[in-house]
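Here's the letter readout for the chains.
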Amino acid sequence: MSNNSPQKREVRFFNTTGPCNPWDHYMLPPEDRLVGAQLHRYIRDSLYWVLHAPRQTGKTTFLQSWMREINAGDEAVACYVTLERCQGVPEQERAMPAICDAVTDAAQKNNLPIPAMETKNPQSQLNDILSNWAVLVAPNPLIVLFDEVDVLTGEALISFLRQLRGGFANRGIGSFPVSIALVGMRDLKDYITQAKDPGFFHVKKSYAPNPGSPFNIKEDSAVLSNFHKDDIVKLFAQRTEETGQHITGEALEYVYDQSRGQPWIVNSLFKRAVMRVLDEDSRETVTIEHVCRAREQMILARETHLDSLAVRMEDPKIRRVMETLISGEADPALTEGEGFRICLDLGLVTIEKGTPIVANPIYREVLARHITYGTQLAIPAPEWQWEKADGSLDMDALLREFQRFWRKHSEVWEQKSDYTEAFPHLLLMAFLQRVLNGGGRIEREYAAGRGRMDLGVEYNKRWYIIEIKLVHSYDTPEEIKEDGLRQTAMYRDKTDGAAPAYLLIFDRRPAAKQKSWDERLTWTNEGAITVVGC
């Protein structure tokens, strides 16, 4: 087939809305980020395979790019088919016609022969239309790339997989697609595991599959990785080549640090830096200050991708995961639950050096602000002096005011909170955010099993370090204080060795809550670290 790609723009842009294409957008070959895939074999050896990765990582971009590459040659005919229209349709009687409609629509959109559906039996409709399609494109082999497969559930999912398996044995030119890719957020084994749960079939219990796998013909389960540091450098280099605009090494390092290579975040930071913070026609060198402003803009704008992740926090299963990460508690059952699996699928969390953590600092910030937003609005605007004459932050005054706020409101507010274990952390973050009100920024570090949260507050180019520790009934205050002082010093030295440092200890033991507030609220200095008791 011929390649009829549009002409490349003179100046492209960083894309954050929908799939990327090389004539409009700065982009890197998405196939370079495939892990565990053997693209050359899938067509040559007639193989079926699975690709899974979180949202906004470039799956659709890869599929459409590979389709264009295949169709530009004479080896085969490929078509991208999205199953998004089948969301919330678990009955095979409704889902199979919808899938077949998706096939015909995709064929028409890509100027391919349009197959007919010649049967009304939903148990064979997909097999029938794919067989007819293979006949129409012969003598070329047919490749079908199914996207959004994980929207299928119940009968629809099992019927879909069974009909593909039924055609697999007859695959070949003029008979059935020689290669099929199934693409979504989850690995196919997760669908199958879920499908074997009798509770999965809420439409017809009798349709539940037998213990055998309904899809045992896949060759690989591949993943799409995030950008590496070199990828981020190469991506911006495309703009430098087209416009002459440069970016500092420090800014590139910050983009990677904040995004951990998540492709949508990388593109969003670059786009805002060169088109919002700087004027679109500017060729000024992009600095870390520009990227910092782009980061704050992106978070405040609550762009669709970030907002959709934040809304997921309404799910109690996900809330439980996030509370464990925020509080830093060790929970051996954390990774075994459905909530953690969902967080992995969404790309919200990852496992780094054996420790579950939020996937990147941008997500940490967005989720923390979302969780504390209502609390932040309920906190009155500060009427006390929290900025010194030299423009620096009076952190002593701020934290003493927080102690008074904690004394007055914590017991009542905690009863209304969905996050009991992480309540101290969240209330302090809301308080800081309310006081700073966009005048500074907060860097947050938290992960399961750390037993603490680290906060770095940057205000007028000066850093202030805050460490949060909890005392439980199984702890001793002395041990928590000793660990906290050591950890606070480590975090301060990593961030800014000259920064004022504070260790906040919340005593959560029932006996401590029986003490008077004068006994519970303390303020002492341990060398260069101020210890604040709440």
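Given the structure is predicted, the values throughout are model-derived calculations rather than measurements.

Engineer: Tell me about the packing of aromatic side chains, and please be specific about residues and values.
Structural biologist: Taken as a whole and judged by the stated rule, the model has 18 aromatic pairs. Relative to F506, the ring of F402 has its centre 6.3 Å away and its plane inclined at 80 degrees; by these criteria the two rings are edge-to-face. One end of the pair, F402, is in helix α15 (residues 395-415); the other, F506, is in strand β12 (residues 501-507), and 104 residues separate them in sequence. Taken together, the aromatic side chains of F402, F405, W406, W413, F423, F431 and F506 make up a single cluster linked through ring pairs. Here the basic side chain of R171 rests over the ring of F168, its NZ or CZ set 3.7 Å away from the ring centre.

Engineer: Account for unusual backbone geometry, naming residues and giving values.
Structural biologist: Along the chain, A138 connects to P139 via a cis peptide bond; the corresponding omega equals 15 degrees. As for its position among the elements, P139 is in the loop between α4 (125-137) and β4 (142-147). The backbone of N111 shows a phi angle near 55 degrees, a positive value even though the residue is not glycine. Secondary-structure assignment places N111 in the loop between α3 (92-109) and α4.

Engineer: Quick rundown of the pairing of β4? Include the residues and the values.
Structural biologist: Of all six residues in β4, six are buried, a share of seventy percent or more. Neither face of β4 is left uncovered, since the one carrying L142, V144 and F146 and the one carrying I143, L145 and D147 both have all their residues buried. The pairing of strand β3 (residues 77-82) with β4 spans six bridges and is classified as parallel. When the bridges of β4 are listed, V81 appears paired with F146. Both β4 and strand β5 (residues 179-184) contribute to a ladder of four bridges, which runs parallel. In the sheet register, I143 faces β5, and the bridge partner there is S179.

Conventions adopted
Residues numbered from 1 in each chain as written. Predicted model: local features only at pLDDT ≥ 70, side-chain atom pairs only at ≥ 80, totals over all residues. Heavy atoms only, no water. Phe/Tyr/Trp six-rings, centres within 6.5 Å; stacked < 30°, edge-to-face > 60°. Helix = DSSP H or I, 4+ residues; strand = E, 2+ residues; numbered from the N terminus. Lys NZ or Arg CZ within 6 Å of the ring centre and 35° of its normal. Buried < 20%, exposed > 50% of the residue type's maximum accessible area, 1.4 Å probe, protein only. Pairing = 2+ DSSP bridges.

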